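Notes for the structure review
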Amino acid sequence: MTGEHAAAAAGNDLPGIRSVLVRQLPSGHVLRCGTVHNLQAGRGDTLVIQTTTGRWLATLLIPAAGEGRRDEPLGGEWLRVAGETDRRRGQAAQQRAAELFDAASQTLQQAGAQLVLAAAEVDLGGDVGVLRFLGPASERLGPWAVELAERCGLGRVQWVSLEAERPAESSTSSEQLHEEAFQRRFADVTRPGPELGMSLGKDYRVSAGNRGWYQQKRRGESPRLRRLPAGRSWMVRVRTAAGGMAAAHLRQLARLAAEFGDGTLRLTIRQAIQLHGVDSQYVPQVIERLESSLLSTAGSCGDAVRNLTCCSLPLLDAADRWPGQAETRHLALQLGQAMLPRGLAFEWTATDGEETIGSGPPAAEPLPHKFKIGVASDRHDCADVLSNDLAVIVRTEASCRPAAVDLYVGGSTAYRAGDARSFPRLAQYLATVAYDDCLPAAEMLLGMFSRRDTPGPRHFRRWKYVVARSGVETLYEQLCQQASERTDVRRDADAAQRHLARTRSVHPPGGRTAEGHLWFRLPLVAGRLTAQHMPLLDDAAAAGATVRVGTDHDLIVSYPPGSAGAGRLAQWTPRHAFGRTADPQQFDQPPEPQPAGGNAAGRVCPALPTCPLAVAAAETQWDMWSDALRAAFPPEEAFDAGGSSGVFLALSGCANGCSRPLTAPVGVVAESPGRRVVYLGGSSRRLGQAVGAVAGPEELTLLLRPILARFGRQRAAGESFGDWFWRTCGK
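Residues numbered from 1 in each chain as written. Predicted model: local features only at pLDDT ≥ 70, side-chain atom pairs only at ≥ 80, totals over all residues. Heavy atoms only, no water.

Summary: where empty space remains is shown by rolling a probe the size of a single water molecule over the atoms. Here the structure, examined in full by the defined rule, presents 5 cavities of 30 Å³ or more. One number sums up the size of the largest cavity: a volume of about 130 Å³. Lining the largest cavity are 15 residues, and of these C311, W322, Q325, T328 and H380 lie nearest its centre. Mapped by element, the contributors of at least two residues to the lining of the largest cavity are α8 (325-339) and β16 (373-377). Taken together, the residues of the lining of the largest cavity sort by class into 8 nonpolar, 5 polar and 2 charged. (1 Å grid on protein atoms, 1.4 Å probe; cavity = no way out; pocket = protein on both sides within 12 Å on 5 of 7 lines; lining within 4 Å. Points joined across faces, edges and corners; volume = space filled by probe spheres on them. Helix = DSSP H or I, 4+ residues; strand = E, 2+ residues; numbered from the N terminus. Nonpolar A, V, L, I, M, F, W, Y, C, P; charged D, E, K, R; others polar.)

Moving on, we come to the packing of aromatic side chains. Remark: the centre distance and the inter-plane angle together describe each pair of aromatic rings, the angle taken between the planes. Per the counting criterion, the structure on display carries 19 aromatic pairs. Pairing F371 with W463 gives two aromatic rings, centres 6.3 Å apart and planes at 55°, and the pair type is tilted. Of this pair, F371 sits in the loop between α8 and β16 while W463 sits in helix α10 (residues 463-470); the two residues are 92 residues apart in sequence, bridging distant segments of the chain. Across this residue pair, the class does not change: F371 and W463 are buried. Of the aromatic side chains, those joined through ring pairs into one cluster are F182, F186, Y204, W213 and W234. (Phe/Tyr/Trp six-rings, centres within 6.5 Å; stacked < 30°, edge-to-face > 60°. Buried < 20%, exposed > 50% of the residue type's maximum accessible area, 1.4 Å probe, protein only.)

Bringing the packing of α8 against helix α9 (residues 438-450) into the picture now. With their axes 10 Å apart at the nearest point, α8 and α9 run at an angle of 45° to one another. As the angle between them shows, α8 and α9 are arranged oblique. Like other packed secondary-structure pairs, α8 and α9 cross with a definite hand, here right-handed. Only C438, L439, A442, E443 and L446 of α9 make contact with α8, whose side of the interface consists of L331, Q334, L335, A338 and M339. (Axes fitted to C-alpha atoms, helices over the stretch in contact; angles between N-to-C directions. Parallel < 35°, antiparallel > 145°, perpendicular 65-115°, else oblique. Left-handed = near helix turned anticlockwise from the far one by under 90°. Contact = heavy atoms within 4.5 Å.)

Now for unusual backbone geometry. L25 connects to P26 through a cis peptide bond whose omega is 5°. Secondary-structure assignment places P26 in the loop between β1 (13-25) and β2 (30-35). With an omega of 15°, the peptide bond between L608 and P609 qualifies as cis. Here P609 shows up in the loop between β28 (603-604) and α15 (622-632). Of note, A242 is a non-glycine position whose phi angle comes to about 55°, a positive value. As for its placement among the helices and strands, A242 is situated in the loop between β12 (232-238) and β13 (244-246). Here the phi dihedral of R660 falls at roughly 55°; this positive angle occurs in a residue that is not glycine. Relative to the helices and strands, R660 resides in the loop between β29 (649-652) and β30 (666-672).

In this section: α8. Side chains that are three or four residues apart share a direction in an α-helix, a result of its 3.6 residues per turn. The terminal C-alpha atoms of α8, which comprises 15 residues, lie 21 Å apart, in line with the 21 Å expected from a rise of 1.5 Å per residue. Within the span of α8, buried status applies to Q325, T328, R329, L331, A332, L333, L335, G336, Q337, A338 and M339. On the buried face of α8, the contacting elements are β3 (46-51), β16, β17 (390-397), β18 (400-409), α9 and β25 (546-549). (Expected span 1.5 Å × (residues − 1).)

For the rest of this paragraph, the subject is helix α13 (residues 534-542). Residues M534, L536, L537, D538, A540 and A541 constitute the buried set of α13. Trailing α13 by a residue or two, G544 shows a phi angle of about 70°, which is positive.

Bringing the sheet that holds strand β11 (residues 213-217) into the picture now. Reading across from one edge, β11-β12-β15-β14-β24 is the order of the 5 strands in this open sheet, with antiparallel pairing throughout. This sheet does not close on itself; its edge strands, each paired only once, are β11 and β24 (528-529). (Pairing = 2+ DSSP bridges.)

If you look at soluble globular proteins, the nonpolar side chains tend to sit buried side by side. By size, the foremost hydrophobic cluster in this structure holds 46 residues, and its most contacted members are W234, L250, L253, L265 and L275. Tallying contributions element by element places helix α6 (residues 247-260) first for this core, with 8 residues. Core analysis: the second largest hydrophobic core is formed by 44 residues, A242, L367, V394 and C438 among them. (Core = buried A, V, L, I, M, F, W, Y, C linked by side-chain atoms within 4.5 Å.)

Our next topic: the packing of α10 against helix α11 (residues 472-483). At a closest axis distance of 6 Å, the pairing of α10 and α11 adopts a crossing angle of 100°. When the axis of α10 is compared with that of α11, the two are roughly perpendicular. Across the interface between the two elements, W463, V467 and S470 from α10 touch V472, T474 and L475 from α11. In terms of residue class, the contact of α10 with α11 is made up of 4 nonpolar, 2 polar and no charged.

Moving on: the pairing of strand β9 (residues 156-161). Counting buried positions over the 6 residues of β9 gives 6, a clear majority of the element. Judged by which residues are buried, β9 turns out to be covered on both faces: R156, Q158 and V160 on one side and V157, W159 and S161 on the other are all buried. For strand β8 (residues 128-134) and β9, the ladder comprises 6 bridges, and the chain directions are parallel. Paired with L131 across the bridge in β9 is W159. For the crossover from β8 across helix α3 (residues 141-152) to β9, the handedness is right-handed. (Right-handed = clockwise from strand over helix to strand, strands pointing away.)

Here the protein chain averages 82 in pLDDT, and 83% of its residues register 70 or above. When pLDDT is averaged over each element of the protein chain, strand β31 (residues 675-680) comes out on top at 98 and helix α1 (residues 3-9) at the bottom at 33. For residues 343-364, every residue scores under 50 in pLDDT, and the model assigns this stretch 84 contacts once sequence neighbours within four places are set aside. Considering only residues more than four positions removed or in separate chains, one finds that residues 572-600, a stretch of pLDDT under 50, has 76 contacts. (pLDDT = per-residue confidence, 0-100.)

Read from one edge to the other, the open sheet built from 5 strands follows the order β28-β29-β30-β31-β32, with strand pairing classed as mixed. Strands at the two margins of the open sheet, each flanked by one partner only, are β28 and β32 (689-694). Across 6 bridges, the pairing between β30 and β31 is antiparallel. Residue V669 lies in a different strand from β31, and its bridge partner there is V677. Here α15 sits on the sheet and contacts β28, β29, β30, β31 and β32; the angle it forms with β29, its principal contact strand, is near 145°.

Here the focus is the environment of L522. Relative to the helices and strands, L522 resides in strand β23 (residues 518-523). As a C-alpha pair, L522 and H553 span 31 residues in sequence and 8.8 Å in three-dimensional space.

Enumeration according to the criterion identifies 29 salt bridges in this entry. For the salt bridge of R416 with D419, the shortest nitrogen-to-oxygen distance reads 3.9 Å. Residue class for R416 comes out partly exposed when judged on its relative accessible area of 35%. Across the salt bridge formed by R675 and E671, the nearest N and O atoms sit 2.7 Å from each other. A relative accessible area of 38% places R675 in the partly exposed class. Here E671 falls in the partly exposed class, since its relative accessible area comes to 22%. (Salt bridge = Lys/Arg side-chain N within 4 Å of Asp/Glu carboxyl O.)

Dropping the structure here:
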């Protein structure tokens, strides 16, 4: 990256972030809050802010507290100027805080505790209670907090010592000792000294992963157009809210990648954003810059609830919107806000102007393994949600608000090559609950997973193995017992199957939103944003555009009405392996819809030379393998990648399945350096079937050529490759 972009990347400022100084109510704490929106307020005005503990009212002290800098971290986000509804919520929160204070005082008095209760606070969402006290902390604070939360109808209650102004800790646990050891080791390998750049150690990999950081070691040459350091470097993964963020934030991430990483950003199909090749000595700086930008890496890696996925398209206008689109997005944001490890505020709010009230983090108990959640409607699933540990399918009706959701459990396409105990599977139907009861039901299932005794190798601690051992019927009975009379849980497998059968994954390549915003869907080879995309990001940031990370290596850019920035995107023509992209100049009359998985770039994981799990290359050999698929089509057949034929490629450098090869029409999985298994017929509702193994692209062409020739002769009108395969070859 050169010129003005490299110069801008070298500065400490955070483009698009404006900070103000506020006094949080009712605690009186003074803190700096940031915003990327053009909000206007004067000294003394009442604002709504979000911090790590919830949403609160605040009084504006200094309207312009300077631009955010990495040595001055922000304490929260300025969401908006408070309106009448916010003030009513504030009054209701004060009443609930008084009830909490009385209940806590009674509990302390009955227990004879030597504590002085100073204040009680409840956030605007009525979900988080804070109790401030003087006196020695006690191990009984935890049970009291649980009791008070249930008694007062709160999601959680937190005790805060006024003497330390931090959450009270009762004693030093083994987890705290491990955390302290991790912090020391992390400092040793990321600061100048004899151990700089050395291995973090396997004992601390999960601790780093839970924070969204992975240490990687380059095996081989640095790929073209990327600057990967020799030896060990770091990958930092930033999560999003259903893929959404402000264009200014994405531009800031691109500049961080240019300054500290390999010069590129990678958009994952789980809608996270990765910075690769971060030199060890720069990792602390990158983390500080992200925190100052109100971006979070928590929950993007490690043994945690991972980045939640759902369709990334903006809310379409009435003519194009499918039933339940808005409600599905709202539910995904609600689940993510409640269940993902808590970061700072921003990731929850840069999303089409929707608002989700409530800010309770998940239980602090560690998980046996990662836990992935996907949300879709029974009309549209571009994220292959059945490949998740928990899949939520919203039942929609054309004329009314969705009333129910179907819960599926135990999905994961990862497997261990050569290990008969390991297997891929799609999630199985478990139960149906009311739309408004989805969150408590999901939290119950997460709690069931977190409390499972899962001995043995780490791979077999995934939720799918728990489901396979216990059986769906047993899990359903346990869920009913936990739900009791609070949540209506039932099984209706036939109806669930009917709703699932009508799910489609068709995307328009562009159009207009209900608010008149012009939006474009931009496919990216392997999800890579490079220096050539910086003019596009600059224009989008200047226009106040919203960007969304898609579920198939694509970026959705939505411009406000009348924005001149859309012109740059209309002139920008990316070159992809299949050479098929939408023409943005025709968006007054949007092109025909196309399968979401069939963007010009297909799906491919980074693999070698950086991924520690990879046994072969994938992204660096994408052109070879995609050309092999093209060559397999008969000469008389026009190659229609992902169009009406529904044929596209997903390529993976190991059996972990990051590119979802088993849910693609053509999936190629490397099981060893010289052996790649070919799967055909995958989709969002069924796993592909293994049809053979190949050593290289030429063998893939020879394997697929007769199959694709039969497809061309035998397919029915409008029949996709996957449907044809299971009607004929799949049997």
